[in-house]
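# Chains, contacts and geometry: an overview
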Amino acid sequence: MTLRLFNTLTGQMDPLTPSDGEALRMYACGPTVYDYGHIGNFRTFLQVDVLRRFLKLTGIKVRHVMNITDVDDKIIRNAAAAGVSIGAYSAEFEKAFFEDLDTLGVERPEIIARATEHIPRMVELVQRLAAAGAAYQTEDGSWYFRLAAFPEYGKLSKKDLSGMEDGARVDLDEYEKDSARDFALWKAAKPGETSWDTAIGRGRPGWHLECSAMAMEFLGESFDLHAGGEDLMFPHHENEIAQSESVTHKPFARHWMHVRFLLVDGRKMSKSEGNFYTLRDLLLKGYKASAIRLALISVPYRHQFNFTFDGLVEATSAIERLRTFRQRLVGGGFAPGENSALQEAALKAQSDYIAALANDLNTAEARAPIFDLLRAANTAMDQGQLKSGDRDAILAVLAEFDAIFCVLEDRDAEATQRALEWAEQTGRLNDVAPELLTRQGLTDAAIDALVAERTQAKKQRNFARADQIRNELAEKGVVLEDSKDGVRWKRK
RNA sequence: GCGCCGGUGGCGAAGCGGCUAACGCGCAGGUCUGCAAAACCUGCAUUCGCGGGUUCAACUCCCGCCCGGCGCUCCA
């Protein structure tokens, strides 16, 4: 089934397929590694993850490039303040970034491209732009892109800049530019700042330049898809188009995908508003990685997502139900054979699920058939109508669901443990929710021992003691489930 | 100001010119259970921001209004 994805450039739903018939070549803007990633960042990376997982699920190979911006004003500023090199500074946050992606189950792109490792390609691009008359150097040695050289500027964000010519607001330190809207390709070295000695002078790349240079290096001058957060549409992506197409005269990316912003309690997340959360903040508050992933994914990428803690609690419950269900299928003994009604239900769930995702990655709609199937199967199990062949079919559908949503495998405890260790190492234990510490302090062996004691008590019909143990464990976030096959427990 | 997006049950959220308005969470009652939990069953929007219009038929299309959000500057 071919994915139909909204294309910012054309303003309509376009099918997304590899133009070379081999692999879908895509570029998605990565992070500037100057700090820990926040949930807004991760919503975008998660939605792109959904995209690439869906492509793979439908049999399309993916060649996905992600840049790491490891030199920019903030990095330079922060590294100087910390008294370390920008390399050491950015490496630390790059490492943290990838740890966070692992926590959230975000697949690695095929190619990770660091800006500082591709300076020659950027210099080359500036030279080509200069040769084409689209770049000029100012007195201080910086290079700028000449917007006037690219009449199509604004075609992505649908902006008409003709009426917004050089107005009153021209930044003081940019007075040398020909036009206020011209943007920096290459920033001349300032004393003490990291810089590269190159054929176009000593300096460092502008932010927009790296994406054009690296995308073309790894994907060619024209490729299938470019993705990123909605805020990047203008000016970043617009600038990338201008820089690239001015020299290639070919469409840079033919399909553009933009993920809408995340709000927190209905407001834009910002440090000054006090509603700013990193992934690690949430883990230390006791929320599960899987719940964060599900919450951030469940609202389709083209809608604003309003982040709330209630939403995280909801996602936690939903995941628990799914996991309990799968456990019941895996662990139960079923008579051989098939129940045609369930076989049909499984097929329907599968096709509905794929169809929803193929329709502009409608993740909200895609969840529904899985829960429909869950209910049908649970009912059948209660009635003893589910056969081993049904179990296999349903587990296969669940696996396919999880190929995108990736929440069934419980790796939450490990993720939380990692976050706790990090908090300890960086002196952030004060930020940890107290109940999380008591919960993590309880080992599996200790739980098993208490459960065994309770089973004994139950045998002796000492229900008072049995309930006491159950309550004790409940306070520490452990839930018990009695069944014919013994006691199951799980951490809340 | 200009531009874009949205306003559906207690909450999140999907949806389509005409099927009982998905699904999740939550709540209430029931079944099961030593009691719970899990699971299942039943119920919880005669209604889709407001006012007009088009249509045999609109939550779904058009117009206006109100409310919210975002972009136009570094930002996922």
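Residues numbered from 1 in each chain as written. Chains lettered and ligands numbered in written order. Predicted model: local features only at pLDDT ≥ 70, side-chain atom pairs only at ≥ 80, totals over all residues. Heavy atoms only, no water.

### Some thoughts on the sheet that holds strand E10 (residues 201-205)
Strand order across the open sheet formed by five strands is E6-E7-E8-E10-E9, with antiparallel pairing between neighbours. Two strands bound the open sheet, and with one partner strand each, they are strand E6 (135-137) and strand E9 (196-198). The average angle at which neighbouring strand axes cross in this sheet is 40 degrees, direction not considered. By the bridge criterion, three bridges tie strand E8 (residues 184-188) to E10 in an arrangement that is antiparallel. Each bridged residue has a counterpart across the sheet, and for Lys 187 the counterpart in E10 is Arg 204. (Pairing = 2+ DSSP bridges. Helix = DSSP H or I, 4+ residues; strand = E, 2+ residues; numbered from the N terminus. Axes fitted to C-alpha atoms, helices over the stretch in contact; angles between N-to-C directions.)

### Things to note about the side chain of Ser 290
Looking at where Ser 290 falls in the secondary structure, it is placed in helix H8 (residues 289-298). Excluding its chain neighbours within four sequence positions, the residues that come into contact with Ser 290 are Ile 319, Arg 323, Val 407 and Asp 412. (Contact = heavy atoms within 4.5 Å.)

### A closer look at the protein's contact with RNA strand B
Around RNA strand B, 53 residues are found, and the nearest of them are Trp 207, Leu 232, Arg 267, Lys 268 and Arg 470. What you see for RNA strand B is that sugar and phosphate hold 69% of its atoms within 4 Å of the protein. Side-chain polar atom of Arg 181 to a phosphate oxygen of RNA strand B: 3.2 Å apart, as the coordinates give it. Side-chain polar atom of Arg 260 to a sugar or linking oxygen of RNA strand B: 3.0 Å apart, as the coordinates give it. Along the lines of polarity and charge, the residues of the surface near RNA strand B split into 17 nonpolar, 14 polar and 22 charged. (Near = heavy atom within 4 Å. Polar contact = N/O pair within 3.5 Å; in protein donor to acceptor, adjacent residues only side chain to side chain. Nonpolar A, V, L, I, M, F, W, Y, C, P; charged D, E, K, R; others polar.)

### Description of the sheet that holds strand E14 (residues 267-268)
Strand order in the open sheet made by the three strands is E14-E13-E15, with mixed pairing throughout. Across the chains shown, the open sheet's two edge strands, defined by having one partner strand only, are E14 and strand E15 (305-307).

### Observations regarding the domain arrangement of chain A
Buried accessible area, meaning the area lost when the parts come together, often serves as the stated size of an interface. Splitting chain A by domain gives domain 1 (3-259), domain 2 (267-405) and domain 3 (412-491). For domain 1 versus domain 2, the separation of C-alpha centres amounts to 34 Å. With 31 residues of domain 1 at the interface, the matching set in domain 2 holds 34 residues. With both chains or domains summed, domain 1 and domain 2 bury close to 2,800 Å², and 67% of this area falls on carbon and sulfur atoms. It is Ile 39, Arg 43 and Val 50 that lose the most area in domain 1 upon contact with domain 2, and together they represent 25% of the buried surface on that side. A salt bridge links Asp 49 to Arg 293; its shortest N-O distance comes to 3.0 Å. Linking domain 1 to domain 2 there are 16 residue pairs in polar contact (both at pLDDT 80 or more). Put simply, the parts of the chain that give the side of domain 1 that touches domain 2 at least two residues each are strand E1 (3-7), helix H1 (39-57), helix H3 (86-103) and strand E12 (253-259). The leading source of residues in the side of domain 1 that touches domain 2 is H1, at 12 residues. (Domains from an automatic or database assignment. Buried area = accessible area lost by both parts, 1.4 Å probe. Salt bridge = Lys/Arg side-chain N within 4 Å of Asp/Glu carboxyl O.)

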